[in-house]
Amino acid sequence: MSSNVIGLQTTISRSISLSGVGVHSGEAVSISFHPADPDTGIVFNRLLPSGDVVSVRAVSSQVGSTDLCTLLGKAPDRSIATVEHLMAALYALGVDNISIELDGSEVPIMDGSASVFIEALDAAGLVNHSVKRRYIRVIKPVRIEMGGSWAEFSQHNGTRFEIDIDFDTPLIGRQSWKGEVTADTFRRELARARTFGFMRDVERLWASGHALGSSLENSVVIGDDDKVINIEGLRYRDEFARHKTLDAVGDLALAGAQFIGCYRSYRGGHKLNALALRALLADQSAYEVVEAPARRNTVRHGELVAVNAALFAPWAV
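The text that follows walks through the structure, step by step, so that each part is easy to find. (Residues numbered from 1 in each chain as written. Predicted model: local features only at pLDDT ≥ 70, side-chain atom pairs only at ≥ 80, totals over all residues. Heavy atoms only, no water.)

1. What to know about the environment of Ala151
In plain terms, the rule: By definition, any uninterrupted DSSP run of H or I lasting at least four residues is a helix, any uninterrupted run of E lasting at least two residues is a strand, and each is numbered from the N terminus. Remark: exposure states derive from per-residue accessible area (1.4 Å probe, protein chains only) relative to the maximum for the residue type, with buried under 20%, exposed over 50%, and partly exposed in between. Working rule for contacts: check all heavy atoms of both residues, and any pair within 4.5 Å makes them a contact.
Among the secondary structure elements, Ala151 is positioned in strand S11 (residues 149–154). Judged by its relative accessible area of 0%, Ala151 is buried. Put simply, Ala151 and Ala276 are 125 residues apart on the chain and 6.3 Å apart in space, counted from C-alpha to C-alpha. Excluding anything up to four places from it in sequence, Ala151 contacts Val142, Arg143, Ile144, Tyr263, Arg264, Ser265, Leu272 and Ala276.

Now the structure itself:
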């Protein structure tokens, strides 16, 4: 684990664009990324057919539905869906401030992982602001349970994820991914893990207006014989657990700031991740906001000091 953290806020150095389809809507969508000023945070700007623009901040308080994906915005016709893979890439690379424009209701699914977003952000490059970055540091455990699932935050001198999944199919069964999430580990171990689903669920999802853009090019599909249908097979032996970890990174990025601590979950998903994050942020005794004591790009964890977050509070409405 690296002992350094980024002391200054970042943004991308130039604008860049991508295009693809929404995995649920099936609609073509173009998305562009633009540099943003310090303390802007991550903001989605959706261009509506009327020409109006809806702006939504990528923070926990703006999370609407968590059915099958993470959606920002409370009104269906003014929301942005499936933000988790992009948010995971932004979090892993440490992008604090960025303006994201799209002409559809959903972030394009690309290949079902975060790798295309990583490549785009790498192509754009990052630059430092002269303003300090602030972190949310967990200082006491917070745990929630939901049926047979649970999630918890605990103290840790780094950013660690321990994600366990358990599916009633021999292809998956019980899998886990555990490790420090840094830019390097995310690129190497998580970024290429794709979303997955079962062939038996396809007709039900179509009937409910979901998975209309899903294909073997952007999803790992498990057939009725409990085998992967995709000709190329899996990218990792435990790709399912790795993708669930990728999702968790993206969902927790909606804290509005990087966090220092450990996040564990068992049989989790978007809803559990969202509820756990809300539980943490609702308990002001469970975390503190910290920053580097001097304006340096990298500092050690031990150098971070608690600060008053009243004016910063990116997770607030």
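2. Remarks on the packing of helix H5 (residues 239–252) against helix H6 (residues 270–282)
What counts, and what does not: Structural elements are reduced to axes, namely lines fitted to C-alpha atoms, with helices fitted over the stretch in contact, and the angle between N-to-C directions of any two is expressed from 0 to 180 degrees. For any pair of crossing helices, the crossing counts as left-handed if the nearer helix is rotated counterclockwise from the farther one by less than a right angle, and right-handed if it is rotated clockwise. Any residue outside Ala, Val, Leu, Ile, Met, Phe, Trp, Tyr, Cys, Pro, Asp, Glu, Lys and Arg is labelled polar, Gly included; the first ten of those are nonpolar and the last four are charged.
Look at H5 against H6: their axes get within 9 Å of each other, and the N-to-C directions meet at 35°. Seen along the crossing, H5 lies across H6 with a hand that is right-handed. Across the interface between the two elements, Asp247, Ala248, Asp251 and Leu252 from H5 touch His270, Asn273 and Leu277 from H6. Residues of the contact of H5 with H6, tallied by class, amount to 3 nonpolar, 2 polar and 2 charged.

3. Things to note about the packing of helix H3 (residues 183–190) against H5
Relative orientation and spacing of two packed helices are given, respectively, by the angle between their axes and the distance between those axes. The contact between H3 and H5 brings their axes to 10 Å, and the two run at 145°. In terms of crossing hand, the pair formed by H3 and H5 is left-handed. Across the interface between the two elements, Phe186, Glu189 and Leu190 from H3 touch Arg242, Thr245, Leu246 and Val249 from H5.

4. Quick look at H5
Put simply, the rule is: To estimate the expected span of a helix, count its residues, drop one, and scale the result by 1.5 Å.
Spanning 14 residues, H5 covers 20 Å between terminal C-alpha atoms, matching the ideal 20 Å at 1.5 Å per step. Taking burial as the measure, the 14 residues of H5 include 13 buried ones, the bulk of the element.

5. Regarding the side chain of Asn97
Keep this limit in mind: Throughout this description, a polar contact denotes any pair of N or O atoms lying within 3.5 Å of each other; where both atoms belong to protein, one of them has to be capable of donating a hydrogen while the other can accept it, and for residues adjacent in sequence the pair is counted only when both atoms sit in side chains.
You can see Asn97 is positioned in the loop between helix H1 (84–93) and strand S7 (98–102). Here His129 takes part through its side chain, which lies 3.4 Å from a polar atom of the side chain of Asn97. Setting aside residues no more than four positions away along its own chain, Asn97 makes contact with Gln9, Thr10, Thr11, Ile12, Ala36, Asp37, Pro38, Asp39, Thr40, Gly41 and His129.

6. As for the sheet that holds S7
Let me state the cut-off plainly: Two strands pair if DSSP finds at least two bridges between them.
Spatially, the 5 strands line up as an open sheet ordered S3-S4-S7-S5-S6, and their pairing is mixed. Pairing within the sheet leaves two strands with one partner each, and these edge strands are strand S3 (16–21) and strand S6 (53–57). Going across the sheet, the axis of each strand differs from the next one's by a mean of 20°, ignoring polarity. The pairing of strand S5 (residues 42–47) with S6 spans 5 bridges and is classified as antiparallel. Looking across to S6, one finds that Leu47 is bridged to Val53. Lying on the sheet, H1 is in contact with strand S4 (28–35), S5 and S7; it crosses S5 at an angle near 145°. Its contacts with the sheet place helix H2 (residues 115–124) against S3, S4 and S7, and it is angled at close to 165° to S3.

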